[in-house]
Amino acid sequence: MAEDATNGMMGQDELPEQVADAVDDGGATGAVTPSGEGGADRDALTVPVADAVPAADADVDGGATPRRVRALLCCGRKSLARRIFVSLAAVSAIAAVAVLVIASLVYQKSGVRDAGRMLETECALVKTSMRGTQSDIIHLTNLDLGEARVTVVSPDGTVLYDNQNSVDSMPNHADRPEIAGALETGKGSAERDSATSGRVEIYRAVRLDNGNVLRLAVARDGIRAALGHDVLLAVAVVTAVVLVCWAVSRLIVDRLVEPILDIDPSNPDPEGSYVELEPLVERIDEQMGELRGADLMRREFTSNVTHELKTPLSTISGAAELIRDGIAKPEDVPEFAGRIVDEAHHMTDLVNDILTLSKLDESERAGDTSLLGKAEPVDIAHALREVGHRLAPVADAAGVRLTCSGDPVVVRGIPSLLDELVYNLCDNAVRYNHAGGTVDAHIDVVDGCPRLVVADTGLGIPEAAQAKVFERFYRVDASRSRERGGTGLGLAIVKHAAAYHGAKLTLESKEGVGTTVTVTFPESSLVEALG
């Protein structure tokens, strides 16, 4: 049941175009790891899910423009400088406007408070200069109090004097808070906002010795007016802040990005960059190692493919030349033609297997399961019987008794992949068997998990080779394996198909005794099991 391979030196440009495309998509194969911890299961091997090889994003334009500058020039792409600039500008502009608003409010409140104190002082001074006679009005008329408005109100609220308005047109002031306060306690104060002018009127009043009330008033900017005066200043400040933020963001980005651009992807050094970037640098180092490994595996895969194709092509070419040149005897022509047909079939099988692996690799790398088809319920028992019918002639010719059994077990999966999995396991068990040997393929459900077991009494696999038999083109005995047919890719397809369906693949084998391969599907894949 083992397969072996040797490396050829034929170039990839000699391959058919279809095969070359598939070779370009060839990926890495996962290792086969032991399962169990000694005892009777020490020969059992578990095949893990194949790891998809990550694609590398390389800067291949060859231009002299730094990547950071090119990124900034691409307006449709994300830019670190743009993000920092927008963040700084927004925060700084909001902070600047907030500071201006708060400062204006504080200044306005402070101005009102200072004006009120000034009026209180002036009221006291004016009161001391008044004698409580009719001449007081004349005194007030001659008194220069600047912008202050002076009003004298009688105890009944009648306006006796106002230096800015005609007393005949003025209403009764008894209801004014500052007048009422002065009549009651000797002092009164009030501030009233003007809805039309946006200013605030500040009033202070004192009661005179004759019972009249002296009121002084001045007007100051209200909150709305104070903010209105600062609009131009706010615009200027915000503009300056935005310009400063733009320069600062460019400087910050240059300083931040420089150590990042200095990272050598081929040999990243965590010590040469920011501490915060150590996980990124370590991941780059890991990916570079994976890429180097994948590149090596790709070259080996290409070499193996070219070698596998070179052998049948040489046979076909040699037989065809013998027939063309008339060297072959007439009675030998059918034999040579048969060789051509056999090798052509072998090449067809090889190309089909390569294309299947290519799709599996592409699906793993892209994470797109639709590349392989749509998942649907598949009866493994029915697939086993179909494979048994297809392999019956091969088993009869090899003198091997092939038995496919099991109750219907329906799992959700890709029909073509499950068919490849079952067929390749049974085909290898028949090919690497001996006359009189047996192959028993059985499907059942154990602990809620569908389980496919293919056991043979064939050649067995040496313990040293068991960890490699699921690799592509690996054959234990190249000469004997080639005589038995096969492409060397069957078990690799089995491993990928099992991994695709989340199944656990285990192998138990003893040389000269036989081999048993078990595929255990996850419980979640079971759709129906009929006893």
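For the structure itself, consult the block above.
Note that the structure is a prediction, hence the values are computed from the model and not measured.

> Is there a simple way to explain the nonpolar core in this structure?
Soluble, globular proteins show a tendency: their nonpolar side chains are buried together. Grouped together as the largest cluster of nonpolar side chains are 53 residues, with contacts concentrated most on Leu421, Leu425, Cys426, Leu452, Val454 and Val519. Here this core takes 8 residues from helix α11 (residues 415–431), the largest share from any one element. Not counting the four nearest positions on each side in its chain, leucine 421 is found in contact with Leu452, Val494, Ala497, Ala498 and Val519. Residues Cys123, Val126, Leu145 and Leu216 belong to the second largest nonpolar core, which totals 19 residues.

> What exactly am I supposed to notice about the pattern of salt bridges here?
Opposite charge on two side chains permits pairing when their charged atoms draw close. The final tally for this structure, using the stated rule, is 12 salt bridges. The salt bridge involving arginine 215 is made with glutamate 178; its shortest N-O contact spans 2.8 Å. Of this pair, arginine 215 sits in strand β7 (residues 213–221) while glutamate 178 sits in helix α5 (residues 177–185), and the two are 37 residues apart along the sequence. Between arginine 283 and glutamate 286 there is a salt bridge, and its shortest N-O distance comes to 3.2 Å.

> Hey, could you run me through the side chain of serine 525 in this one?
Within the element layout of this structure, serine 525 appears in the loop between β14 (514–520) and β15 (526–529). Overall, serine 525 belongs to the buried group, its relative accessible area being 8%. Those residues in contact with serine 525 that sit more than four places away from it in its chain are Val410, Val411, Arg412 and Pro450.

> Is there a simple way to think about the side chain of arginine 215 in this case?
We classify arginine 215 as buried; its relative accessible area is 1%. Separated by 2.8 Å, the side chains of arginine 215 and glutamate 178 make a polar contact. Once you skip the residues sitting within four places of it in the chain, arginine 215 turns out to touch Arg149, Val150, Thr151, His173, Arg176, Glu178, Ile179, Arg192, Tyr203, Arg204 and Ala205.

Each value, and the rule that gives it
- Residues numbered from 1 in each chain as written.
- Predicted model: local features only at pLDDT ≥ 70, side-chain atom pairs only at ≥ 80, totals over all residues.
- Heavy atoms only, no water.
- Core = buried A, V, L, I, M, F, W, Y, C linked by side-chain atoms within 4.5 Å.
- Buried < 20%, exposed > 50% of the residue type's maximum accessible area, 1.4 Å probe, protein only.
- Helix = DSSP H or I, 4+ residues; strand = E, 2+ residues; numbered from the N terminus.
- Contact = heavy atoms within 4.5 Å.
- Salt bridge = Lys/Arg side-chain N within 4 Å of Asp/Glu carboxyl O.
- Polar contact = N/O pair within 3.5 Å; in protein donor to acceptor, adjacent residues only side chain to side chain.

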